[in-house]
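Take a look at the letters that make up each chain.
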Amino acid sequence: MAIRATSHYTHDELTDKEFEELKNGCLKARNLSYSPYSNFRVGCALLTDGNELFLGANLENASYPAAICAERTAISNARMNGHNTIKAMAIASDSDKPISPCGVCRQFIREFGLKIPIFMFDKLGNTFIKMYLEDLLPFSFGPDDLGVITTSSASNQ
């Protein structure tokens, strides 16, 4: 598997308007986080191929394994509204530096394709790093490994 030759500091896949919408969306979603145990708020925004924006925030639970991350909340939100394809995602926390999706979220995103750009922002939205899911999760296991071709994975392989 070859690492995609790309700049980690551009947003060529999106218009300026789409990029700002994603950035502002993940910062807004972070404020909706329910994180009384870790106090580590995370917000996610995803843009569908139809240019619809969906937000998600981490939701913690006293039974820690029952918590759900912002990325999975955003994807669930989009899916429950009839969307299967992800054009791009953005995440932000209260960290001074950009954060990346956890391993479980990387695998969850994988269900919807490999070539999804993920924009990881600092707490102010001033600094970001872009990576594609295929670079964050190399040699991944996905629907195609089980002989299943989904609408989203076929369009985003």
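What counts and how
- Residues numbered from 1 in each chain as written.
- Predicted model: local features only at pLDDT ≥ 70, side-chain atom pairs only at ≥ 80, totals over all residues.
- Heavy atoms only, no water.
- Phe/Tyr/Trp six-rings, centres within 6.5 Å; stacked < 30°, edge-to-face > 60°.
- Helix = DSSP H or I, 4+ residues; strand = E, 2+ residues; numbered from the N terminus.
- Buried < 20%, exposed > 50% of the residue type's maximum accessible area, 1.4 Å probe, protein only.
- UniProt positions renumbered as here; feature names shortened; annotations may be inferred.
- Contact = heavy atoms within 4.5 Å.
- Polar contact = N/O pair within 3.5 Å; in protein donor to acceptor, adjacent residues only side chain to side chain.
- Pairing = 2+ DSSP bridges.
- Axes fitted to C-alpha atoms, helices over the stretch in contact; angles between N-to-C directions.
- Core = buried A, V, L, I, M, F, W, Y, C linked by side-chain atoms within 4.5 Å.

Caption draft 1: Spatial organisation of the packing of aromatic side chains. Applying the stated criterion across every chain, the model contains six aromatic pairs. Here the aromatic rings of Phe 19 and Phe 119 are separated by 5.5 Å at their centres, their planes lie at 75 degrees, and the arrangement is edge-to-face. Placement of the pair is Phe 19 in helix 1 (residues 16-30) and Phe 119 in strand 4 (residues 117-121), with a sequence separation of 100 residues. You'll find Phe 19 and Phe 119 in the same group, each marked buried. An aromatic cluster is built from Phe 19, Phe 119, Phe 121 and Phe 128, whose rings are joined through pairwise contacts.

Caption draft 2: Structural view of the UniProt feature "binding site: substrate" (unreviewed entry) in the chain. Residues annotated in UniProt with the feature "binding site: substrate" (unreviewed entry) correspond here to Asn 58, Leu 59, Glu 60, Asn 61, Ala 62, Ser 63 and Tyr 64. Of note, Leu 59 is situated in the loop between strand 2 (53-57) and helix 2 (70-80). Once residues lying within four places of it in the same chain are set aside, the contact partners of Leu 59 are Tyr 34, Ala 67, Ile 68 and Thr 73. Residue position: Asn 61 is located in the loop between strand 2 and helix 2. By relative accessible area, Asn 61 is classed as partly exposed at 33%. With residues up to four places along the chain from it excluded, the contact list for Asn 61 reads Tyr 37, Ala 66 and Ala 67. There is a polar contact of 2.8 Å between the side chain of Asn 61 and the backbone nitrogen of Ser 63.

Caption draft 3: Representation of unusual backbone geometry. Located in the positive-phi region is Asn 51, a residue other than glycine, with phi close to 65 degrees. Mapped onto the elements of the fold, Asn 51 is located in the loop between strand 1 (42-48) and strand 2. Positioned with a positive phi, Phe 139 is a non-glycine residue whose angle comes to about 55 degrees. Tracing the backbone shows Phe 139 in the loop between helix 4 (133-136) and helix 5 (151-155).

Caption draft 4: Region of the structure containing the sheet that holds strand 1. Across the sheet, five strands lie side by side as 2-1-3-4-5; this open sheet has mixed pairing. Whereas interior strands pair on both sides, the edge strands pair on one side only; in this sheet they are strand 2 and strand 5 (128-132). Across the sheet, the axes of successive neighbouring strands diverge by a mean angle of 20 degrees, strand direction being ignored. Across the sheet, helix 2 lies against strand 1, strand 2 and strand 3 (86-93), angled at about 140 degrees from strand 2, the strand it touches most.

Caption draft 5: Spotlight on the nonpolar core. In this structure, Leu 46, Ile 75, Ile 86, Met 89, Ile 109, Ile 116 and Ile 118 are the most contacted members of the largest nonpolar core, which totals 20 residues. Among the nonpolar cores identified, the runner-up in size contains 13 residues, and Leu 14, Leu 22, Ala 90 and Phe 121 belong to it.

Caption draft 6: Looking closely at the pairing of strand 5. Along strand 5, the buried face is formed by Phe 128, Lys 130 and Tyr 132; none of Ile 129 and Met 131, which line the opposite face, is buried. In this structure, strand 4 lies alongside strand 5, joined through five bridges in antiparallel fashion. Each bridged residue has a counterpart across the sheet, and for Phe 121 the counterpart in strand 5 is Phe 128. Hairpin geometry of strand 4 and strand 5 is characterised by an intervening segment of six residues between the two adjacent antiparallel strands and by a positive phi of about 80 degrees at Gly 125.

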